[in-house]
Amino acid sequence: MTALATAPAAPAAVRGPAFGSTLAGTGRLLRFMLRRDRLRLLVWPLGVALLYAGALGEYVILGDDPEAMSVRATLMRTPAMISMAGPGYGVDNYTPGAAVANELILWLVLTLAVMSILQVVRHTRAEEESSRSELVRAGAVGRHASSVAALVQVVIANVLVAVVSGLVLVAYDFDAAESFTMTFSIALGALVFGAVALVAAQAMEHGRGATGISLAVLGGSYSLRAVGDIQEEHGSWLSWLSPIGWVQQTRVFVDMRWWPLGLCAAAIVLLIMLAAVLGSRRDFGAGLVAVRAGRSDAAPTLTGPFALAWVQQRMALLWTSLGLGLMWFASGGVVEAVPDLVESVADNPVYSAILGEGDDLIRTFLGVFGLYAGSGAAAFGVAMALRAKGEEESGRAGLVLTKPVSRARWFASGLVLALAGAAVVQVTGVLALWAGAASSGLDEPGFGAYLELALAYLPGLAVVVAFAAALYAWVPKATGLAWVLFGYVFVVGMFADLFGLPDWARGISPFWWVGNPMVDGVDASHLWGLCGVAALLSLLAFTGFRRRDLQNG
């Protein structure tokens, strides 16, 4: 028999996946994300709408007082206010619309940018890190489906916020076209940073790294805009390097122009394309930035859960203290101009409700800044206290507790550091406020008064943080109530008199018992009472955590 020789078949050409296949399952993932985050998507629009409603009444009332608007316009020309607000369009004829645009756009862009960053990382890199995406990808789901679904969800969230916010502005008799231009431009600016987060999610291997890089870009954009606007009236070339500057350059309510928003749109498209290219070139679960190899053995100082918690929280503490400290330092630079501003609005019911009746306007105003600093410290403390929930859900807490580490010791390490970190953020923030005021030539109140203001809020901070820990220990699914308390504390501190809240409603806020140490001094009995409540909540937290079962990751 003879065998017939056949030529080997040519290898088939390797084709990349079709475009449609890389997006397979996007619709289902989007529906799942919307259902999973339905409460978040409700809270964000309502929260921002309440922020608008709380601020717009002030601007409308000020609009009837030309002298007050003139003083406010003068304040907007100072470097400190330019850095904290914007380039100051329309200050020669300062109207309520110009004031809203100048003083709110920056902070709303920052707020929605943080929302966009957290949401994108939550549904992309964090899902890969937890291995849940691997289970999803086992089905008919394309490589880019989760990224596209996450971005579409963030677009929906920002559009909802823009629509609701625009309706609030129109309800206060602001021009409809200008109002919706402002709110949608803010949303578009925030989406730029959501796209930045999408790129960072492809580059970094861990969710914290992607979030950190994205927030660093946001901070850099803020700094470029601030320096550029201070260098030259209405912004220098540095301002045009910042997406925040692009939004403010629309000059809404003054000389509206649309074309700067084209820069936002172009940046979003380019960043999405870059994310798609990077996502196609990396392995699933890995990042493009190589992870630095760690030590072969643990450092001598990493000998227990406290050291581990410190490693996890130290960078967050550093950057939070630095960022808020710089903001309070800039705020201190405008305190000296407060008497002129407040004198011009002495008959304004909004200012009277917020500042109250006080002979020393500077001390009264510093008390309000003390509340702001305390609110920032409380937000940090709650976030750090709830990190234990993430450790438990990921399964890392269970691994630690398989070692000779007691539950109480592991839980105490995170809680103690959260309390200490909140205290550091509070004290450094108020002392930065003192440094800013001193640098502008304000000698009174002295250092001791600022230190007393900083320390007086510590028992109230402990109550808020311990409440978050108790919720996590007993009912982990209800930890969102800790953020509800945080928001309530701020509302009571700022608007209790304006809303006419009764004492029992004010007393729910731990900060209400602190009062204004700059004006009224410190009531030791109130502070000791807050310490007792914080100790009781901490005890409840320890009891609850020891009694319940751990959740598996």
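Every chain begins its residue count from 1, and numbering advances along the sequence as written. Reporting in this predicted model follows two pLDDT cut-offs: at least 70 for local features of residues, and 80 or more for side-chain atom pairs to be given and counted; totals over whole chains, interfaces and linings ignore these cut-offs and use all residues. For the side-chain quantities, the full set of heavy atoms in the structure was used; hydrogens and water were omitted.

**Let's talk about the overall build of the protein**
Okay, so step 1: A tally of helices and strands in the protein yields 26 helices and 0 strands.
Okay, so step 2: Partly exposed describes any residue whose relative accessible area lies between the buried limit of under 20% and the exposed limit of over 50%, with all areas from a 1.4 Å probe on protein chains only and scaled to the type maximum. A buried classification covers 47% of the 553 residues belonging to the protein.
Okay, so step 3: The contacts in the protein between residues at least 6 apart in sequence include a share of 76% that link residues at least 24 apart. Strands here mean DSSP runs of E at least two residues long; helices mean DSSP runs of H or I at least four residues long; both are numbered from the N terminus. When checking whether two residues touch, look at their non-hydrogen atoms; a contact exists if any pair is within 4.5 Å.

**Observations regarding the confidence of the model for the protein**
Okay, so step 1: Residues with a pLDDT of 70 or more make up 85% of the protein, whose mean pLDDT is 81.
Okay, so step 2: pLDDT: the predictor's confidence for each residue, scored from 0 to 100. Taking the mean pLDDT of every element in the protein, the minimum, 51, falls on helix α16 (residues 349-355) and the maximum, 93, on helix α22 (residues 458-474).
Okay, so step 3: pLDDT under 50 marks residues 12-16. Its contacts with residues more than four places away, or in other chains, come to 0 contacts.

**Structural notes on the packing of helix α6 (residues 96-123) against helix α9 (residues 145-171)**
Okay, so step 1: Lines fitted to C-alpha atoms define the axes, with helix axes restricted to the stretch in contact, and inter-axis angles between N-to-C directions lie between 0 and 180 degrees. Viewed as axis vectors pointing N to C, α6 and α9 meet at an angle of 155°, and their least axial separation amounts to 10 Å. Taken together, the axis directions place α6 and α9 in an arrangement best described as roughly antiparallel. Crossing angle aside, the handedness with which α6 passes α9 is right-handed. On α9, the residues touching Val100, Leu112, Met115, Ser116, Gln119, Val120 and His123 of α6 are Ser146, Ala150, Gln153, Val154, Ala157, Asn158, Val161 and Leu169. An angle below 35 degrees is treated as roughly parallel, one above 145 as roughly antiparallel, one from 65 to 115 as roughly perpendicular, and anything else as oblique. By convention the crossing between two helices is left-handed if the near helix lies anticlockwise of the far one by an angle smaller than a right angle, and right-handed if it lies clockwise.

**Brief notes about helix α4 (residues 66-76)**
Okay, so step 1: Within the span of α4, buried status applies to Ala68, Met69, Arg72, Ala73, Leu75 and Met76. Within α4, the buried residues cover an arc of 155° as seen down the axis, which keeps them to one side. Facing away from the buried side of α4 by more than 90 degrees, the exposed set consists of Pro66 and Glu67. Relevant arc is that of directions from the helix axis to the C-beta atoms, nothing else.

**Looking at the packing of aromatic side chains**
The geometry of an aromatic ring pair comes down to the distance between the two centres and the angle between the two planes.
Okay, so step 1: Each Phe, Tyr or Trp ring, with Trp reduced to its six-membered ring, pairs with another whose centre is within 6.5 Å; inter-plane angles below 30 degrees give stacked pairs, above 60 give edge-to-face pairs, and intermediate values give tilted ones. For the coordinates displayed, the defined rule picks out 14 aromatic pairs.
Okay, so step 2: Aromatic pair phenylalanine 411 and phenylalanine 545: ring centres 4.9 Å apart, planes at 20°, arrangement stacked. Of this pair, phenylalanine 411 sits in helix α20 (residues 407-439) while phenylalanine 545 sits in helix α26 (residues 524-547), placing them 134 residues apart in sequence.
Okay, so step 3: Residue classification places phenylalanine 411 among the buried positions, given a relative accessible area of 5%.
Okay, so step 4: Ring pairing ties together the aromatic residues Trp410, Phe411, Tyr472, Phe542 and Phe545, which thus form one cluster.
Okay, so step 5: Put simply, a charge is over a ring when the Lys NZ or the Arg CZ is close to the ring centre, within 6 Å, and near the line of the ring normal, within 35 degrees. Across the ring face of tyrosine 222, the terminal group of arginine 225 is positioned such that the distance to the ring centre comes to 5.5 Å.
Okay, so step 6: Against the face of phenylalanine 545 rests arginine 407, its NZ or CZ located 5.4 Å from the ring centre.

**Comments concerning empty space enclosed by the protein**
Okay, so step 1: Lining residues are defined by having an atom within 4 Å of a point belonging to a cavity or pocket. Those points lie on a 1 Å grid over the protein atoms alone, cavities being sets where a 1.4 Å probe fits but cannot get out and pockets being open sets with protein on both sides within 12 Å along at least five of seven lines. Grid points are joined across faces, edges and corners, and a volume is the space filled by probe spheres set on the points. Within the structure shown, the criterion is met by 4 cavities of 30 Å³ or more.
Okay, so step 2: Looking at the largest cavity, its volume works out to about 210 Å³.
Okay, so step 3: Mapped onto the lining of the largest cavity, the elements with two or more residues apiece are α14 (305-332), α17 (361-385), α18 (387-393) and α20.
Okay, so step 4: The volume enclosed by the second largest cavity comes to roughly 70 Å³.
Okay, so step 5: In terms of lining, the second largest cavity is formed by Pro87, Tyr89, Ala101, Asn102, Ile105, Gln248, Arg251, Val252 and Val254.

**Overview of the pattern of salt bridges**
Okay, so step 1: By definition here, a salt bridge exists when the distance from a side-chain nitrogen of Lys or Arg to a carboxyl oxygen of Asp or Glu is within 4 Å. For the coordinates displayed, the defined rule picks out 6 salt bridges.
Okay, so step 2: The salt bridge involving arginine 225 is made with aspartate 229; its shortest N-O contact spans 2.9 Å. On the criterion of helical spacing, the pair formed by arginine 225 and aspartate 229 is a turn pair, its members being 4 residues apart in helix α11 (residues 207-231). Across the pair, exposure class does not vary: arginine 225 and aspartate 229 are buried alike.
Okay, so step 3: The partner of arginine 396 in a salt bridge is glutamate 391, and the shortest N-O contact between them spans 3.0 Å.
Okay, so step 4: Classification of glutamate 391 by relative accessible area gives buried; the value is 8%.

**Re the side chain of glutamate 392**
Okay, so step 1: Tracing the chain through its elements places glutamate 392 in helix α18.
Okay, so step 2: Judged by relative accessible area, which is 2%, glutamate 392 ranks as buried.
Okay, so step 3: Pairs of N or O atoms within 3.5 Å make up the polar contacts considered here, provided that, within protein, one atom can donate a hydrogen while the other can accept it, and that residues adjacent in sequence are counted only when both atoms are side-chain atoms. At 2.9 Å, the side chain of glutamate 392 forms a polar contact with the side chain of arginine 548.

**Some points on the environment of leucine 106**
Okay, so step 1: The residue leucine 106 is located in helix α6 in this model.
Okay, so step 2: Overall, the relative accessible area of 0% leaves leucine 106 in the buried class.
Okay, so step 3: For leucine 106 and isoleucine 186, which are 80 residues apart along the polypeptide, the C-alpha to C-alpha distance reads 8.5 Å.
Okay, so step 4: Among all residues touching leucine 106, those that are not within four sequence positions of it are Ser83, Met84, Ala85, Tyr222, Arg225, Ile244 and Gln248.

**Thoughts on the nonpolar core**
Okay, so step 1: Of all hydrophobic cores here, the largest spans 65 residues; its most connected members are Tyr52, Met182 and Ile186.
Okay, so step 2: In terms of residues, this core owes the most to one element, α6, which gives 16 residues.
Okay, so step 3: Those residues within four positions of tyrosine 52 in sequence are excluded, and the remaining contacts are Leu104, Leu108, Ser165, Val168, Leu169, Met182, Thr183 and Ile186.
Okay, so step 4: As used here, the term nonpolar core means buried Ala, Val, Leu, Ile, Met, Phe, Trp, Tyr and Cys residues forming a set that is joined through side-chain atoms within 4.5 Å. Formed by 63 residues, the second largest nonpolar core is a distinct cluster that contains Leu317, Phe380, Trp410 and Ala468.

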